[in-house]
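Each chain, letter by letter, is given below.
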Amino acid sequence: MNVLYEAAQSPFFGVALTVLAYWAGVKLQKRTGLVVCNSMVVAVAIVIVVLQVTGIPYAAYDQGGSLVELFLGPTTACLGMSIYAKRDLLKRDLVPILVGCTVGAAASVASVWGLCRLFGLDAALTAALLPKSVTTPIATAISGSHGGIVSITVAAVIFTGILGNLCAPLLIRLFRVEDPVEAGLGIGACSHAMGTAKALELGESEGAVSGLAMGLCGIVTTVLALGFDALL
């Protein structure tokens, strides 16, 4: 056990645990084919179990785990390749995409605000939850600038992304969505980067539109954030 604690002090421990947990999640998902065995969900569960069983503090894991976060920016930027490859498709449907992103972002903010009022949440919690459907860097900046609890914002964004990643294929089949633009737009507008990862699995067109929708919804939500003080 002492050897394990010593190993946990190295940043490589967090990196190795994250990579192995995700690898196990991918293998389990491929073998079972079950939606609930989503690779991201399984990876998170494995990391939590390992830390709880071994008693290794999160701070020790995060020394390496935070290094993985450095790849989030470059990975998001790589979505630009898919968008560029499908530029003709995006130009053709640019107006519906812009309208869809605007309506989607507004609907997300309005629904969260309505539910927060319904359940009597205070201004700090409301500000933390309002930007839940945009990517983490934008959501945390919006939340922090309006007095929200940033840690809750991060949790809400992650939960939203995982939920979208899990439910997107099922909802597409349930509502018989056959147009890749419609599918990608819905996924990117609701579940940002994690949803876009699933959209890329569904197809290159879905991934390109989802990546574009993720960025556009972030911009629209940032603009809408100018009126958050009135909502709070």
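Here the structure is shown first, and the text comes after it.
Residues numbered from 1 in each chain as written. Predicted model: local features only at pLDDT ≥ 70, side-chain atom pairs only at ≥ 80, totals over all residues. Heavy atoms only, no water.

Caption draft 1: Just the nonpolar core, in detail. Grouped together as the largest cluster of nonpolar side chains are 12 residues: L89, L90, I97, C101, V181, L185, A189, V209, L212, A213, L216 and C217. No other element matches helix α12 (residues 204-224), which puts five residues into this core. (Core = buried A, V, L, I, M, F, W, Y, C linked by side-chain atoms within 4.5 Å. Buried < 20%, exposed > 50% of the residue type's maximum accessible area, 1.4 Å probe, protein only. Helix = DSSP H or I, 4+ residues; strand = E, 2+ residues; numbered from the N terminus.)

Caption draft 2: Region of the structure containing a nonpolar patch on the surface. On the surface, L67, L70 and F71 cluster together to form a nonpolar patch covering roughly 330 Å² of accessible area. Within the secondary structure layout, F71 lies in the loop between α4 (58-69) and α5 (72-85). (Patch = residues over 30% accessible without salt bridge, like charges linked within 9 Å, V, L, I, M, F, W, Y side chains within 5 Å. Areas by Shrake-Rupley, 256 points an atom, 1.4 Å probe, with all protein chains shown as cover. Salt bridge = Lys/Arg side-chain N within 4 Å of Asp/Glu carboxyl O.)

Caption draft 3: Representation of helix α3 (residues 39-54) within the structure. With 16 residues, α3 extends 22 Å between its outermost C-alpha atoms, agreeing within 8% with the 22 Å of an ideal straight helix rising 1.5 Å per residue. Buried within α3 we find S39, V42, A43, V47, L51 and T54. An end-on view of α3 places all buried positions within 160 degrees of arc, on one side of the element. Turned more than 90 degrees off the buried face of α3, the exposed positions are Q52 and V53. In the segment just after α3, G55 is the residue with positive phi, at about 75 degrees. (Expected span 1.5 Å × (residues − 1). Arc of directions from axis to C-beta.)

Caption draft 4: Fine view of the packing of aromatic side chains. A complete count under the given rule lists one aromatic pair for this structure. On the basis of an interplanar angle of 50 degrees and a centroid distance of 5.9 Å, the ring pair of Y58 and Y61 is categorised as tilted. Of the two residues, Y58 and Y61 both sit in helix α4, three residues apart, roughly one turn of that helix. (Phe/Tyr/Trp six-rings, centres within 6.5 Å; stacked < 30°, edge-to-face > 60°.)

Caption draft 5: Structural view of the pattern of salt bridges. Evaluated as defined, the whole model comprises two salt bridges. Put simply, R92 and D93 hold a salt bridge, and the shortest N to O gap is 2.8 Å. Here R92 falls in the exposed class, since its relative accessible area comes to 58%. Relative accessible area serves as the criterion here: at 16%, D93 is assigned to the buried category. Its salt-bridge partner being K198, residue E201 comes within 3.0 Å of it at the nearest N-O pair. With a gap of three residues between them, E201 and K198 both fall in helix α11 (residues 180-202), about one helical turn apart. Given a relative accessible area of 9%, K198 falls into the buried group.

Caption draft 6: Local environment of unusual backbone geometry. Here the phi dihedral of R176 falls at roughly 55 degrees; this positive angle occurs in a residue that is not glycine. Mapped onto the elements, R176 comes out in the loop between α10 (150-174) and α11. Residue classification places R176 among the exposed residues on the basis of a relative accessible area of 71%. Its identity is not glycine, yet H192 carries a phi of approximately 40 degrees, on the positive side. Inspection of the secondary structure assignment puts H192 in helix α11.

Caption draft 7: Quick peek at the environment of I219. Note on placement: I219 falls in helix α12. Linking I219 and T102, residues 117 residues apart in sequence, is a C-alpha distance of 9.3 Å.

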